Protein chains: 6
Amino acid sequence: MDISARNCLKGIVKNILPGSVNTEVILEIMPDVEVTAIITKSSAQKLQLAIGKEAYVVIKASDVIVAID
Amino acid sequence: MDISARNCLKGIVKNILPGSVNTEVILEIMPDVEVTAIITKSSAQKLQLAIGKEAYVVIKASDVIVAID
Amino acid sequence: MDISARNCLKGIVKNILPGSVNTEVILEIMPDVEVTAIITKSSAQKLQLAIGKEAYVVIKASDVIVAID
Amino acid sequence: MDISARNCLKGIVKNILPGSVNTEVILEIMPDVEVTAIITKSSAQKLQLAIGKEAYVVIKASDVIVAID
Amino acid sequence: MDISARNCLKGIVKNILPGSVNTEVILEIMPDVEVTAIITKSSAQKLQLAIGKEAYVVIKASDVIVAID
Amino acid sequence: MDISARNCLKGIVKNILPGSVNTEVILEIMPDVEVTAIITKSSAQKLQLAIGKEAYVVIKASDVIVAID
């Protein structure tokens, strides 16, 4: 599947925190740089996410805020 | 300002495409890895974004999708 | 690619309205039921979207609001 | 109330999974086609959502991703 | 229509900036406090938004970031 | 940090409802006008949010829907 979301970054699953409805997934996309995702619990199960597994973070450009110091 | 959004990645502005209402901003967060943001035109001007300038991409964890091959 | 977004609905592209930075895409997901997407102009070009083409709308569950009459 | 969100699809509540803060709601918008929403628990209670009840899924166009095979 | 989005704030339209696909709408929700929305151009036309008109800003709780100084 | 999100409203924390993964935070931005945010549990802890504490709600303009009666 090819997707319109402009941001698709490869990473490794570092941590998974299942909740009642949602699950927090932390991926390392480069050494010491992590991205946190909140996805539904059943999606995390469907994708069989596990620590050490390769996965992508996909982010729509309109969901990205820019900031400066 | 300290912010609840879990993802705050440092980058360099690589490209700016102003539109009528929105502006597309591309930042390089690591060699050959870019993140694209769509922000309002006036925000891009307010932040005085320019190619080569250091900036952060800020992304709420609930806006991050996870995918696998 | 398998994706955590829970909503992936098949449709046919009915209309494409390119803007300066974004493009509006209307897809028919069932007779007389349309879904409108705003994606970046370059994504619409990259996916080579055209009227009559089959495509999917992908929506994260946390972006769905529920309403009642 | 008339709303700017471009996507408002009628459906029937098929499943409700209450969590600690959020609730997952699954609606059938056409035979065998479901849409999943994550809303706050108190919103699900306020709307008195129940299986079999008619409801709408409301989605902002800028939250819709387009994908192709 | 009763809606699950938790935030619905009444305001007055202060400014409208139409773009090619999107339109920026600024509403004053209390003296000197404005909220900016980006909606599609056709939604702004459908709602017949005009300066001085009463309108609501509707925001899903999961789209709200919290920050501290 | 200066941020591209157009909406940054000052308020006082009125209520905090921690969940398993997410936490619901209610802030009063003006007398009798509240904004509800859903942020991750660990963000709420990191920001040391507490009832009575001053905080801001930050909302991207593209996440704001407009509605009329």
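None of these values were measured; they are calculated from a predicted model.

### Focus on the overall build of chain A
Move 1: Looking only at helices and strands, chain A has one helix and six strands in total.
Move 2: If one aligns the C-alpha atoms of chain A with their principal axes, the spans along those axes are about 35 × 30 × 25 Å.
Move 3: With 69 residues in all, chain A has 61% of them scored as buried.
Move 4: The contacts of chain A with a sequence gap of at least 6 include a subset with a gap of at least 24, amounting to 42%.

### A closer look at the nonpolar core
Move 1: Counting residues in hydrophobic clusters, the biggest one holds 38 residues, and the most contacted among them are C:Ile29, C:Leu49, D:Ile29 and D:Leu49.
Move 2: Other than its neighbours up to four places away in sequence, C:Leu49 contacts C:Ile16, C:Val25, C:Ile39, C:Ala44, C:Ala55, D:Val66 and D:Ile68.

### Side note on the pairing of strand S6 (residues 65-68) of chain D
Move 1: Residues D:Ile65 and D:Ala67 of S6(D) are buried on one face, and the alternating residues D:Val66 and D:Ile68, pointing to the opposite face, are buried as well.
Move 2: Bridge count between strand S1 (residues 2-3) of chain A and S6(D): two bridges; the pairing is antiparallel. In the sheet register, A:Ile3 faces S6(D), and the bridge partner there is D:Ala67.
Move 3: Sheet analysis places strand S5 (residues 54-59) of chain C next to S6(D), joined by three bridges and oriented antiparallel. Of the residues in S6(D), the one forming a bridge with C:Tyr56 is D:Ala67.

### With respect to the interface of chain C and chain D
Move 1: With 33 residues of chain C at the contact, the number on the chain D side is 33 residues.
Move 2: Each partner contributes to the roughly 3,000 Å² buried at the junction of chain C and chain D, and carbon and sulfur atoms together form 63% of this total.
Move 3: Looking at the side of chain C facing chain D, the largest losses of area belong to C:Tyr56, C:Val66 and C:Ile68, adding up to 20% of the total buried there.
Move 4: Across the chain C-chain D interface, the total number found is two salt bridges.
Move 5: Among the ionic pairs, C:Arg6 bridges to D:Glu24, the shortest N-O distance being 2.9 Å.
Move 6: At the boundary of chain C with chain D, the tally comes to 12 residue pairs in polar contact (both at pLDDT 80 or more).

### Considerations on the relation of the copies chain A and chain B
Each copy of the chain is related to the other by a rotation around an axis and a translation along that axis.
Move 1: Superposing chain A onto chain B takes a rotation of 180 degrees combined with a translation of 0.0 Å along the rotation axis, leaving an RMSD of 0.0 Å. Both chain copies can therefore be described as sitting about a two-fold axis. The position closest to the rotation axis in chain A is occupied by the C-alpha of A:Asp63, lying 3.2 Å away.
Move 2: Comparing interface residues between copies, 100% of those in chain A also sit at the interface in chain B, which points to an isologous, same-surface contact.

### With respect to the interface of chain A and chain B
Move 1: Taken residue by residue, the interface counts 33 residues in chain A and 33 residues in chain B.
Move 2: When the two sides are added together, the surface that chain A and chain B hide from each other amounts to roughly 3,000 Å², 63% of it contributed by carbon and sulfur.
Move 3: Looking at the side of chain A facing chain B, the largest losses of area belong to A:Tyr56, A:Val66 and A:Ile68, adding up to 20% of the total buried there.
Move 4: There are two salt bridges connecting chain A and chain B.
Move 5: At the junction of chain A and chain B, the tally comes to 12 residue pairs in polar contact (both at pLDDT 80 or more).
Move 6: Elements that contribute at least two residues to the side of chain A that touches chain B include exactly strand S2 (7-18), strand S3 (22-30), strand S4 (33-40), strand S5 (54-59) and strand S6 (65-68) of chain A.

### Considering the UniProt feature "domain: Mop" (unreviewed entry) in chain A
Move 1: Under the feature "domain: Mop" (unreviewed entry), the UniProt entry names residues 2-68 of chain A.
Move 2: Secondary structure within residues 2-68 of chain A divides into 9% helix and 61% strand; the distance between the first and last C-alpha atoms comes to 32 Å.

### Notes on the sheet that holds strand S3 (residues 22-30) of chain F
Move 1: Pairing is antiparallel across the open sheet formed by six strands, whose spatial order is S1(B)-S6(E)-S5(F)-S2(F)-S3(F)-S4(F). Edge strands, defined here as strands with exactly one partner in the open sheet, are strand S1 (2-3) of chain B together with strand S4 (33-40) of chain F.

### Things to note about the pattern of salt bridges
Any two side chains of opposite charge can pair if their charged atoms end up close together.
Residues and elements named next belong to chain D.
Move 1: Following the criterion strictly, the structure yields 24 salt bridges over all chains and no others.
Move 2: A salt bridge links Lys14 to Glu28, with the shortest nitrogen-to-oxygen separation between them at 3.6 Å. Here Glu28 lies in strand S3 (residues 22-30) and Lys14 lies in strand S2 (residues 7-18), a separation of 14 residues in the sequence.

### Observations regarding the side chain of C:Ser4
Move 1: Residue placement: C:Ser4 occurs in the loop between strand S1 (2-3) and strand S2 (7-18).
Move 2: Take C:Ser4: its relative accessible area is 4%, and that puts it in the buried class.
Move 3: Once residues lying within four places of it in the same chain are set aside, the contact partners of C:Ser4 are A:Ile39, A:Ser43, A:Leu47, B:Ile65 and B:Val66.

### Points about the environment of B:Leu49
Move 1: The topology assignment puts B:Leu49 in the loop between helix H1 (41-46) and strand S5 (54-59).
Move 2: With residues up to four places along the chain from it excluded, the contact list for B:Leu49 reads A:Val66, A:Ile68, B:Val13, B:Ile16, B:Val25, B:Ile39, B:Ala44 and B:Ala55.

### Details of unusual backbone geometry
Move 1: You will see that C:Gln48, though not glycine, has its phi angle at about 50 degrees, which is positive.
Move 2: Note on placement: C:Gln48 falls in the loop between helix H1 (41-46) and S5.

### Description of the environment of A:Ser20
Move 1: Of note, A:Ser20 is situated in the loop between S2 and S3.
Move 2: For the pair A:Ser20 and A:Gln45, spaced 25 residues apart in sequence, the C-alpha separation works out to 13 Å.
Move 3: Residue contacts for A:Ser20: discarding those within four places in its chain leaves A:Lys41, D:Leu17, D:Gly19, D:Ser20 and F:Ser20.
Move 4: Within polar-contact distance, the side chain of A:Ser20 engages the backbone nitrogen of D:Ser20 at 2.9 Å.

### Examining the relation of the copies chain C and chain D
Move 1: Overlaying chain C on chain D yields an RMSD of 0.0 Å, the required transformation being a rotation through 180 degrees with an accompanying axial translation of 0.0 Å.
Move 2: With an isologous cut-off of 70% or more, the 100% of interface residues of chain C that recur at the interface of chain D puts this contact in the isologous class.

About the criteria used
- Residues numbered from 1 in each chain as written.
- Chains lettered and ligands numbered in written order.
- Predicted model: local features only at pLDDT ≥ 70, side-chain atom pairs only at ≥ 80, totals over all residues.
- Heavy atoms only, no water.
- Helix = DSSP H or I, 4+ residues; strand = E, 2+ residues; numbered from the N terminus.
- Buried < 20%, exposed > 50% of the residue type's maximum accessible area, 1.4 Å probe, protein only.
- Contact = heavy atoms within 4.5 Å.
- Core = buried A, V, L, I, M, F, W, Y, C linked by side-chain atoms within 4.5 Å.
- Pairing = 2+ DSSP bridges.
- Buried area = accessible area lost by both parts, 1.4 Å probe.
- Salt bridge = Lys/Arg side-chain N within 4 Å of Asp/Glu carboxyl O.
- Polar contact = N/O pair within 3.5 Å; in protein donor to acceptor, adjacent residues only side chain to side chain.
- Least-squares fit on C-alpha atoms with pLDDT ≥ 70 in both.
- UniProt positions renumbered as here; feature names shortened; annotations may be inferred.

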